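Each chain is listed here by its residues.
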Amino acid sequence: MRRERRTPEEWKAIIVAQQSSGVSAREYCTKHNIHVKTFCARKSDIDKKTTQPTGKLVKVVKPKSAPVSASPPLTVLYRDVTLNVAHAVEAKWIVDVMRALAS
């Protein structure tokens, strides 16, 4: 004989009870005389309903990125000479220039 169908609210209560029981779904179903496939199907149905998109559109605004500020140039002061160079300059080049200024 088939038993009466449970309401969605009853299934929600059963699922919450199983989750808080600390036992697996299979163990819970065996203990409470619930067919495990039915339990899983109802749990899946409830999960789908709670995660279903609402159909409402939400405006997504991309934040404006902060302007990238160029790093200040490297300034080398040697005696009466001021040398402004970009950071992309190789260190060897700067060393060569400093040696030339020193001579």
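What this report covers is the structure whose coordinates are included nearby. Each chain has its residues counted from 1, running along the sequence as written. Only residues with pLDDT of at least 70 are given local features in this predicted model, and only at 80 or more are side-chain atom pairs given and counted; all residues enter the totals for whole chains, interfaces and linings. Note that water and hydrogens are dropped before the side-chain values are worked out from all heavy atoms of the structure.

Put simply, buried Ala, Val, Leu, Ile, Met, Phe, Trp, Tyr and Cys residues joined by side-chain atoms within 4.5 Å make one nonpolar core. For every residue, the accessible area obtained with a 1.4 Å probe (protein chains only) is divided by the maximum for its type, and the residue is called buried under 20%, exposed over 50%, and partly exposed between those limits. Counting residues in each nonpolar core, the largest one holds eight residues, listed as Trp11, Ile14, Ile15, Tyr28, Cys29, Ile34, Phe39 and Ile46. Residue assignment for this core shows that the elements contributing at least two residues are α1 (8–21), α2 (25–31) and α3 (36–50). The contact definition used throughout considers only heavy atoms, calling two residues in contact when any of these lie within 4.5 Å. Sequence-distant contacts of Ile34, that is, excluding residues within four places in its chain, are made with Arg6, Trp11, Ile14, Tyr28, Cys29 and Phe39. Counting from the N terminus, the helices are DSSP H or I runs at least four residues long and the strands are E runs at least two residues long.

Okay, the layout of surface pockets next. Vacant regions in the atomic arrangement are exposed by a probe of water-molecule size rolled over the atoms. Points on a 1 Å grid over protein atoms alone make up a cavity when a 1.4 Å probe fits among them but cannot get out, and a pocket when they form an open set with protein on both sides within 12 Å along at least five of seven lines; lining residues each have an atom within 4 Å of a point. Grid points are joined across faces, edges and corners, and a volume is the space filled by probe spheres set on the points. Roughly 380 Å³ of internal volume is contained in the largest pocket. Considering the residues around the largest pocket, the lining is formed by eleven residues, among which Arg3, Glu4, Arg5, Trp11 and Thr38 are closest to the centre. Each residue gets one of three labels, nonpolar for Ala, Val, Leu, Ile, Met, Phe, Trp, Tyr, Cys and Pro, charged for Asp, Glu, Lys and Arg, and polar for the others, Gly among them. Split into classes, the residues belonging to the lining of the largest pocket amount to two nonpolar, three polar and six charged.

With that settled, consider the packing of aromatic side chains. Between the rings of Phe, Tyr and Trp (Trp by its six-membered ring), a pair exists once the centres lie within 6.5 Å; its type follows the angle of the planes, with under 30 degrees stacked, over 60 edge-to-face, and the other angles tilted. Counting across every chain of the model gives zero aromatic pairs. Consider the ring centre and the ring normal. A charge sits over the ring if Lys NZ or Arg CZ is within 6 Å of that centre and within 35 degrees of that normal. Here the guanidinium or amino end of Arg6 rests over the ring plane of Trp11, the centre of that ring lying 5.2 Å away.

It is worth spelling out the pairing of strand β1 (residues 74–78) at this point. At least two bridges found by DSSP between two strands is the condition for calling them paired. Pairing between β1 and strand β2 (residues 81–85): five bridges, direction antiparallel. What sits directly across from Val76, in β2, is Leu83.

Throughout this description, the term salt bridge denotes a Lys or Arg side-chain nitrogen within 4 Å of a carboxyl oxygen of Asp or Glu. Scanning the model with the defined rule gives three salt bridges in all. The closest approach of N and O atoms between Arg42 and Asp45, which form a salt bridge, is 3.2 Å. Taken as a pair, Arg42 and Asp45 lie in helix α3 at a separation of three residues, close to a single helical turn. Its relative accessible area of 30% is what places Arg42 among the partly exposed residues. With a closest N to O distance of 3.2 Å, Asp96 and Lys92 form a salt bridge. With Asp96 and Lys92 both in helix α4 (residues 91–102) and four residues apart, this pair spans about one turn of that helix.

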